[in-house]
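Structural features, examined
The residues making up each chain are set out below.
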Amino acid sequence: MKPKRYIALTQWIIAVAVLGAIVTAYHRWIHVNPTTVALTLVLYILLLAARMGLRYAVGVSLMAALCYNFYFLPPMGTLTISDPENWLALFAFLATSVVGSRLSQQARDEAELAQARHREVELLLSLSRELLQAEDVVQLLSSLPAILLRVSGTSSVIVYLLEGDRIYQAGLPGPSVENPAQLRQLALSLPDVETTPDGTVRIPLRAGVRPRGLLTLADLELSSESYRAIGGLASIALDRAHALENVARAEANRESERLRTLLLDSITHELRTPLTAIKGAASTLLTNDEVPSEARHELLSIVDEEADRLNRLVGQAVEMAQIEAREVHMNFGPADLGGILSEACGTCGSVLSEHPVTVTLPELPRVLCDPKMIVKVLCNLLENAAKYSAANSPIFVAAERKDTTVLVSVADRGIGIDPAEQDLIFDRLYRARNRTMQTGGTGMGLAISRAIVEAHGNTIAVTSQAGHGSVFTFGLPVAEENA
Ligand code: ADP
């Protein structure tokens, strides 16, 4: 037997049993006048109407009228009535209990309606709170069905979007899961909320008046206003997520534009210095035929060095811009750090020729990285270590595991970096004010290194003491943990 029927049957049995108990009690043990019996029965029927509903109250009224007539109205023990006044009494009893029951039922209905409305308002409130938390369309769409499922208590949710013919689903597969073509047809044609015979509710989603999609909910009993409100909320949340995304995109474009202009400005400024030197040397050589050969050689060396510097600067600026614009494709894969280190030492071997390099590499897991890019970072750190320390001073390379990261460090005993400048040296084109300036460089190497390490989801940092040396450390994700 279905649970609903079972409950109804139990309620009928209880209602009739209580009636039987009242009638028996008055008939057998408590002897009072018929009016008291009638009032007790009316009271019971009113209570019944308030607790169980009109159906039970009317049914029990009829039974109560029969019992009242049989047991309490003369002649007792028969269903006939001798005194016409008693007919009136019986009719009054029946009328009072039915009218009273109706009024009780009405009050009960209104209370239930108020409660249902209250529940619906609460549902809409928590739905709006949850839906308005999503920051972008992808996040919203992937969480929308689950939120609806959790907040509304429905057993199945399908969100269909016309844009891209996309379906998002949560809960049980609905009793009437339509295919995308059917959903599309419904989304385009459904004028308002519709409930199918199997209890599935279809709610059109709109952007203004334009159809946007369809929401279907199963096993949910709400008013049609609430369904419309749910559809409205979902549409508003989608609009909001779209708008937020547009704002974020515009913001990112603006920032990228700002960075590009900044880069261009600083590069233009940096290009001037070598260009001025080249122009000066070239003009002197052109206008003065009698430049002594020693001076001539010096001027040509200036042209050569500055042209190299220009070339490096332009190359690095382009590389930096590409990394920042994510135009550089990184080939991430598990790699052995030992191999990467020996490749880096090999690549910049000539620079390191004047420095003893000590590598301390314990047993380490493989790291997830683009080896070519990490070689570039290591080369830059090794070159800097060599460049900014005296000849023959040692360089130490080490690595250690810390949780899911492998930390790689390059240490030197060179000129060190002033604490105030330790953050700035990672900015593009920044060069420290100490003796650095006497050493060739562009100020782009560390900025590029930082961009590469950040693309690996990690950071690069320096600890340094002016005059005593520096330690540069960067992290790489452990391959197994981050596969
Ligand atoms: P570059 O070396 O071409 O100037 P980098 O971006 O590699 O550019 O470095 C930026 C600045 O940071 C350098 O100009 C230098 O002042 C400082 N620096 C980098 N590495 C070291 C180091 N190992 N010791 C001292 N200073 C360093």
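None of the values given here were measured: they were computed from a predicted structure. (Residues numbered from 1 in each chain as written. Predicted model: local features only at pLDDT ≥ 70, side-chain atom pairs only at ≥ 80, totals over all residues. Heavy atoms only, no water.)

1. So, the pattern of salt bridges
Here is the rule we go by: A side-chain nitrogen of Lys or Arg and a carboxyl oxygen of Asp or Glu constitute a salt bridge if their distance falls within 4 Å. Helix and strand definitions follow DSSP, with helices as H or I runs of at least four residues and strands as E runs of at least two, each counted in order from the N terminus. In this scheme, a residue with accessible area under 20% of its type's maximum is buried, one over 50% is exposed, and one in between is partly exposed, where area comes from a 1.4 Å probe on protein chains only.
One pass over the full model with this rule turns up 12 salt bridges. Here Glu 112 and Arg 108 are joined by a salt bridge, their closest N and O atoms 3.7 Å apart. With Glu 112 and Arg 108 both in helix 4 (residues 84-131) and 4 residues apart, this pair spans about one turn of that helix. The class for Glu 112 is partly exposed, based on a relative accessible area of 42%. With its nearest N and O atoms 3.0 Å apart, the salt bridge here joins Asp 192 to Arg 228. Of this pair, Asp 192 sits in the loop between helix 6 (180-189) and strand 3 (194-195) while Arg 228 sits in helix 7 (residues 224-287); the two residues are 36 residues apart in sequence, bridging distant segments of the chain.

2. Structural notes on the packing of helix 2 (residues 34-51) against helix 4
Here is the rule we go by: Think of each axis as a best-fit line through the C-alpha atoms, taken over the contacting stretch in the case of a helix, with angles from 0 to 180 degrees between the N-to-C directions. What sets the label is the angle itself: under 35 degrees gives roughly parallel, over 145 gives roughly antiparallel, 65 to 115 gives roughly perpendicular, and the rest give oblique. By convention the crossing between two helices is left-handed if the near helix lies anticlockwise of the far one by an angle smaller than a right angle, and right-handed if it lies clockwise. Contacts were defined at the residue level, with two residues in contact if any of their heavy atoms lie within 4.5 Å. As a working rule, the residues Ala, Val, Leu, Ile, Met, Phe, Trp, Tyr, Cys and Pro are called nonpolar, Asp, Glu, Lys and Arg charged, and the rest polar, with Gly in that last group.
Their axes nearest at 8 Å, the elements helix 2 and helix 4 cross at an angle of 25°. Classified by the interaxial angle, the pair formed by helix 2 and helix 4 is roughly parallel. At the point where helix 2 passes helix 4, the crossing takes the right-handed sense. Touching Ala 38, Leu 41, Val 42, Ile 45, Leu 46, Ala 49, Ala 50 and Arg 51 of helix 2 are Phe 93, Thr 96, Ser 97, Gly 100, Ser 101, Ser 104, Gln 105 and Arg 108, all from helix 4. Partitioning the contact of helix 2 with helix 4 into residue classes produces 8 nonpolar, 6 polar and 2 charged.

3. Concerning the domain arrangement of the protein chain
Heads up, the rule is: An automatic or database domain assignment provides the domain bounds reported here. Side-chain atoms alone can form a polar contact between residues adjacent in sequence; in general such a contact is a pair of N or O atoms within 3.5 Å, and within protein one must be able to donate a hydrogen while the other accepts it.
Parsing the protein chain into structural domains produces domain 1 (3-122), domain 2 (125-247), domain 3 (256-324) and domain 4 (333-477). Spacing between the C-alpha centres of domain 1 and domain 2 amounts to 46 Å. With 4 residues of domain 1 in contact, the opposing surface of domain 2 contributes 7 residues. Here domain 1 and domain 2 share 0 salt bridges between them. The tally of links from domain 1 across to domain 2 stands at 6 residue pairs in polar contact (both at pLDDT 80 or more). For the side of domain 1 that touches domain 2, the class distribution of residues is 1 nonpolar, no polar and 3 charged.

4. A word on the sheet that holds strand 12 (residues 469-477)
Here is the rule: DSSP bridges decide pairing: two strands pair if at least two such bridges lie between them.
Taking strand neighbours across the sheet as the criterion, the 5 strands line up as 7-9-10-12-11 in an open arrangement whose pairing is mixed. Looking at the sheet topology across the chains shown, the edges are occupied by strand 7 (357-360) and strand 11 (460-465). The sheet shows a mean angle of 15° between the axes of neighbouring strands, direction not considered. The pairing of strand 9 (residues 395-402) with strand 10 (residues 405-412) spans 8 bridges and is classified as antiparallel. Bridged to Val 397 within strand 10 is Val 410.

5. Considering the nonpolar core
Threshold: Side-chain atoms within 4.5 Å are what join buried Ala, Val, Leu, Ile, Met, Phe, Trp, Tyr and Cys residues into a set we call a nonpolar core.
Among the nonpolar cores identified, the biggest contains 49 residues, and Leu 378 and Phe 474 are the most heavily contacted of them. When residues of this core are assigned to their parent elements, the largest contribution, 10 residues, is made by helix 11 (residues 371-387). Two domains share this core, each providing at least three of its residues, namely domain 3 (256-324) and domain 4 (333-477). Leu 220, Leu 222, Ala 234 and Leu 238 belong to the second largest nonpolar core, which has 31 residues in total.

6. Focus on the site of the ligand
The condition that has to hold: When at least one non-hydrogen atom of a residue lies within 4 Å of a molecule or strand, that residue is treated as near it. Accessible areas in this description were obtained via Shrake-Rupley with a 1.4 Å probe; residue shielding takes into account the shown protein chains only. Note on definitions: the grid is 1 Å and covers protein atoms alone; a cavity is a set of points where a 1.4 Å probe fits but cannot get out; a pocket is an open set with protein on both sides within 12 Å along at least five of seven lines; lining residues have an atom within 4 Å of a point. Cavity and pocket membership follows a simple rule, namely that a molecule belongs there if more than half of its atoms are within 2 Å of the grid points.
Near the ligand, the surroundings consist of 22 residues, among which Asn 384, Tyr 388, Arg 431, Thr 442 and Leu 446 are the closest. In this structure, an oxygen atom belonging to the ligand sits 2.9 Å away from a main-chain N or O atom of Ala 432. Here Leu 446 contributes a backbone N or O atom positioned 2.7 Å from an oxygen atom of the ligand. Look at the ligand: alone it shows 530 Å² of surface, and the protein chains cover 98% of it. Counting atoms within 2 Å of the grid points, the majority share of the ligand lands in the largest pocket. For the shell around the ligand, the secondary-structure elements that each account for two or more residues are helix 11, helix 12 (445-455) and strand 12.

7. Concerning the environment of Ala 466
You can see Ala 466 is positioned in the loop between strand 11 and strand 12. Sequence-wise, Ala 466 and Arg 413 are 53 residues apart; in three dimensions their C-alpha atoms are separated by 9.9 Å. Sequence-distant contacts of Ala 466, that is, excluding residues within four places in its chain, are made with Ile 415, Gly 416, Ile 417 and Asp 418.

8. A look at the environment of Leu 148
Among the structural elements, Leu 148 can be located in helix 5 (residues 137-152). As for Leu 148 and Leu 123, which are separated by 25 residues in sequence, their C-alpha atoms are 9.6 Å apart.

9. Examining the packing of aromatic side chains
Two numbers describe a pair of aromatic rings. These are the distance of the centres and the angle of the planes. Note the following rule: Stacked, tilted and edge-to-face are the three classes assigned to paired rings of Phe, Tyr and Trp, where Trp is represented by its six-membered ring and a pair needs centres within 6.5 Å; plane angles under 30 degrees give stacked, over 60 edge-to-face, the rest tilted.
Enumeration according to the criterion identifies 5 aromatic pairs in this entry. Ring geometry for Phe 70 and Tyr 71: centres 5.0 Å apart, planes at 80°, overall edge-to-face. Relative accessible area serves as the criterion here: at 29%, Phe 70 is assigned to the partly exposed category. Among the aromatic residues, ring-to-ring pairing joins Tyr 68, Phe 70, Tyr 71 and Phe 72 into one connected group.

10. Let's talk about the sheet that holds strand 2 (residues 166-171)
Strands pair in a sheet through their backbones, by hydrogen bonds, and they do so in one of two ways: parallel or antiparallel. Strand order in the open sheet formed by 5 strands is 2-1-5-4-3, with antiparallel pairing between adjacent strands. Every other strand in the sheet has two partners, leaving strand 2 and strand 3 as the edge strands with one partner each. Along the sheet, helix 5 contacts strand 1 (156-161), strand 2 and strand 5 (210-218); its crossing angle with strand 2, the most-contacted strand, is approximately 35°. Where helix 6 meets the sheet, it contacts strand 1, strand 2, strand 4 (201-207) and strand 5, and its direction lies at approximately 115° from that of strand 5.

11. Description of helix 1 (residues 3-29)
Spelled out, the test is: By definition here, a helix of n residues has an expected span of 1.5 Å times n minus one.
The end-to-end C-alpha distance of helix 1, which contains 27 residues, comes to 38 Å, matching closely the 39 Å that a straight helix rising 1.5 Å per residue would cover. If you follow the buried residues of helix 1, they end up packed against helix 2 and helix 3 (54-72).

12. Brief notes about the layout of surface pockets
How we decide: Grid points are joined across faces, edges and corners, and a volume is the space filled by probe spheres set on the points.
Put simply, the largest pocket is a space of about 800 Å³. In terms of lining residues, the largest pocket is bounded by 39 residues, among which Asn 380, Asn 384, Lys 387, Gly 445 and Leu 446 are the most central. Looking at the lining of the largest pocket, the elements that each hand over two or more residues are helix 8 (293-324), helix 11, strand 10, helix 12 and strand 12. Considering only residue class, the lining of the largest pocket consists of 18 nonpolar, 14 polar and 7 charged. Viewed by domain, the lining of the largest pocket spans two of them, domain 3 (256-324) and domain 4 (333-477), each represented by three or more residues. There is about 400 Å³ of room inside the second largest pocket. Forming the walls of the second largest pocket are 16 residues, and the residues nearest its centre are Ile 323, Glu 324, Ala 451, Glu 454 and Ala 455.

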